[in-house]
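Analysis of the macromolecular model
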Amino acid sequence: MTGAAAPAPAARPRFAGRVAVVVVYTAAMCMNGLDSTIVNPALFTIAEDFGRPVSAANAVETAFLVGLALGLPVAGWLGDRYGVKRVFLTALAGFTLASALCAAASGLGTLSAARAVQGVAGGLLTPVGMTLLFRAFAPHERAGLGKVLIVPTALMPALGPPLGGFLTEHLSWHWLFLVNVPIGAAAVLTGLLGLPAGEEERAGRFDTAGFLLATPGLALLTYALGFGPAHGWSSPGVATAGVLGLLLLCAAVRHQLRTDDPLVDLRLLADRVFGAATWLALLTSAALMGALFVFPLLHQAALGGSALDAGLSVFPEAIGLMAASQVVDRLLPRIGPRRLAVPALLLAALVLAALAAPGVGGNAWAVRALMFGIGLILGTAVLTLQIAGFADVPPPAMGRAMGLFTIVRTLGGALGIAATAALVGVLAEDGTHAAEPGPYRAALLLTAVLVAAGTLVAARLPREAPGPPPD
């Protein structure tokens, strides 16, 4: 990592402490990852229950994304200032309480407000949780973490639509949130008893100017990306939020590069490996979330499938993601990040393009095979860059690096959904919906292009996997 020399590595927690870290991290991130997509199939039902139009129900998802944008920028500083364990468990408790409030909501406004609180807590959980996990394991041990990382970051978002459809159809939409409560309570208790305290790094002064620029900038841009496809990019609220958000973020970038203690340390992107991994996270997240957004719509609007069928159509991708963790565990130490990521990205682009081919969407077994391939191949690339990107990040910079990485990855997902939704809207005859598969196939091809572009960035990854420190 460029910059000042790294201090001597901190002592790793004992075996029991590591087990507690893995268990609590996995439980918390599974809830967070699942909640990013599980509500999508229930929006029609939620709108009907509250007597509101479906377009209004989109506020439930957008509130969650805006909350994420509010929590992400301050996560790294809070972890350094108050301790990673304390911030992580506080955020986990807040997420669990907000889930209970969502389940008990009596109106759309109350539900959206509780979802925003969930989002803020989730924005803190992700980077702080990864910091906790990566501090517990040395760089050469992290390839084996693929089995842990793949579950919350990629598997849970893929499982969200079918699980959400099942719970809504057979129980009620309230159960989308109730399932979090016992899991979250057990995880908090386990964390209080088992998580190692660790030696925290000294936090710099709080970057108030950066906070006042970056946080509303990210929130406004996320709001515009969330409501743009449904309400129109030229509508006053969306256009104003988008332009103001971009202006604030430009000012935030300028400020972050000039201050000594930035809220979001953009200078970390100057590191060859971490910078490449972070930009790859943006591209792959945009492609994955865009594909998960577009294909269920293709299945419903153009091919006549039900909401539950649409959710189940992407389920094989989750199985592929589970297999990807085994691939990375075995191949990354042998062939290195670059030689694993570049072919995986090229193959993933071809699979996404094949999914957009005429006639494929109507063949159930072809769809299942291709979805499994997307999960296996793209999941391999995502895990590889996530592990390789942090191999040389020293402990003092880990919290800030995790915060920056997570912000970029989350924004990438929002951009992917917005870009594919906008392309479908532009190509559709009425500008908002499409009854023909053509616009959806074009959007899937866009996701393939994003993944293919990632191969140029992946060439900056190192050839060799991180090895154990010298004796």
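First things first, this report covers the structure right here in the doc.

Time to look at the overall build of the chain. When helices and strands are tallied, the chain shows 17 helices and 0 strands. Sorting the 471 residues of the chain into buried and exposed places 55% on the buried side. For the chain, the share of sequence-separated contacts (at least 6 apart) that also reach a separation of at least 24 residues comes to 83%. Here the chain displays about 18,900 Å² of accessible surface, and carbon together with sulfur accounts for 67% of that area.

In this section: the packing of aromatic side chains. Summed over all chains, the structure comprises 1 aromatic pair. For the ring pair tryptophan 173 and phenylalanine 177, a centre distance of 6.3 Å and an interplane angle of 85° mean the geometry is edge-to-face. When sorted by exposure, tryptophan 173 lands in the same class as phenylalanine 177, which is buried.

With that settled, the discussion passes to helix α17 (residues 438–458). For α17, spanning 21 residues, the distance from its first C-alpha to its last is 31 Å, which sits close to the expected 30 Å at 1.5 Å a residue. Of the positions making up α17, those classed as buried are Pro439, Tyr440, Arg441, Ala443, Leu444, Thr447, Ala448, Val451, Gly454, Thr455, Val457 and Ala458.

Moving on, we get to the nonpolar core. Phe88 and Leu92 are the most contacted members of the largest nonpolar core, which totals 99 residues. Tallying contributions element by element places helix α11 (residues 272–302) first for this core, with 16 residues. Beyond its immediate chain neighbours, meaning those up to four positions away, phenylalanine 88 contacts Val24, Tyr25, Ala28, Met29, Leu125, Val128, Gly129, Leu132 and Leu195.

The next subject is the packing of helix α4 (residues 84–103) against helix α5 (residues 108–136). Between α4 and α5, the shortest axis-to-axis distance is 8 Å and the interhelical angle comes to 150°. Taken as axis vectors, α4 and α5 run roughly antiparallel relative to one another. Considering only the axes of α4 and α5, their crossing is left-handed. A per-class count over the contact of α4 with α5 returns 17 nonpolar, 6 polar and 2 charged.

What follows covers a nonpolar patch on the surface. Taken together, the side chains of Leu312, Phe315, Ile319 and Phe372 present a nonpolar region at the surface, about 330 Å² in accessible area. Within the secondary structure layout, phenylalanine 315 lies in helix α13 (residues 315–335).

The end-to-end C-alpha distance of helix α8 (residues 180–194), which contains 15 residues, comes to 20 Å, matching closely the 21 Å that a straight helix rising 1.5 Å per residue would cover. Those residues of α8 that sit buried are Asn180, Gly184, Ala187, Val188 and Gly191. Buried residues of α8, viewed axially, fall in a sector of 100°; they line one side. In α8, the exposed residues that point more than 90 degrees away from the buried face are Pro182, Leu189 and Leu193.

Turning to the packing of helix α14 (residues 337–355) against helix α15 (residues 364–389), a few remarks are in order. In contact at an axis separation of 8 Å, α14 and α15 are set at 150° when each is read in the N-to-C sense. The pairing of α14 with α15 is recorded here as roughly antiparallel in orientation. Handedness of the crossing formed by α14 with α15: left-handed. Across from Pro337, Leu340, Ala341, Ala344, Leu345, Leu347, Ala348, Val351, Leu352, Ala354 and Leu355 in α14, the residues of α15 making contact are Leu370, Met371, Gly373, Ile374, Ile377, Leu378, Thr380, Ala381, Thr384 and Ala388. Looking at side-chain class alone, the contact of α14 with α15 contains 18 nonpolar, 3 polar and no charged residues.

Here the focus is the side chain of asparagine 180. Looking at the secondary structure, you find asparagine 180 in helix α8. Non-local contacts of asparagine 180, meaning those with residues more than four positions away in its chain, are made with Met31, Asp35, Phe95, Thr96, Ser99 and Gln118.

Moving on to the side chain of threonine 96. Positionally, threonine 96 belongs in helix α4. The exposure class of threonine 96 is buried, given its relative accessible area of 10%. Apart from residues no more than four positions distant in its own chain, threonine 96 is found in contact with Met31, Asn180, Val181, Gly184 and Ala185.

What counts, and where the lines are drawn
- Residues numbered from 1 in each chain as written.
- Predicted model: local features only at pLDDT ≥ 70, side-chain atom pairs only at ≥ 80, totals over all residues.
- Heavy atoms only, no water.
- Helix = DSSP H or I, 4+ residues; strand = E, 2+ residues; numbered from the N terminus.
- Buried < 20%, exposed > 50% of the residue type's maximum accessible area, 1.4 Å probe, protein only.
- Contact = heavy atoms within 4.5 Å.
- Areas by Shrake-Rupley, 256 points an atom, 1.4 Å probe, with all protein chains shown as cover.
- Phe/Tyr/Trp six-rings, centres within 6.5 Å; stacked < 30°, edge-to-face > 60°.
- Expected span 1.5 Å × (residues − 1).
- Core = buried A, V, L, I, M, F, W, Y, C linked by side-chain atoms within 4.5 Å.
- Axes fitted to C-alpha atoms, helices over the stretch in contact; angles between N-to-C directions.
- Parallel < 35°, antiparallel > 145°, perpendicular 65-115°, else oblique.
- Left-handed = near helix turned anticlockwise from the far one by under 90°.
- Nonpolar A, V, L, I, M, F, W, Y, C, P; charged D, E, K, R; others polar.
- Patch = residues over 30% accessible without salt bridge, like charges linked within 9 Å, V, L, I, M, F, W, Y side chains within 5 Å.
- Salt bridge = Lys/Arg side-chain N within 4 Å of Asp/Glu carboxyl O.
- Arc of directions from axis to C-beta.

Spatial relationships are all this shows, so hold off on functional conclusions.
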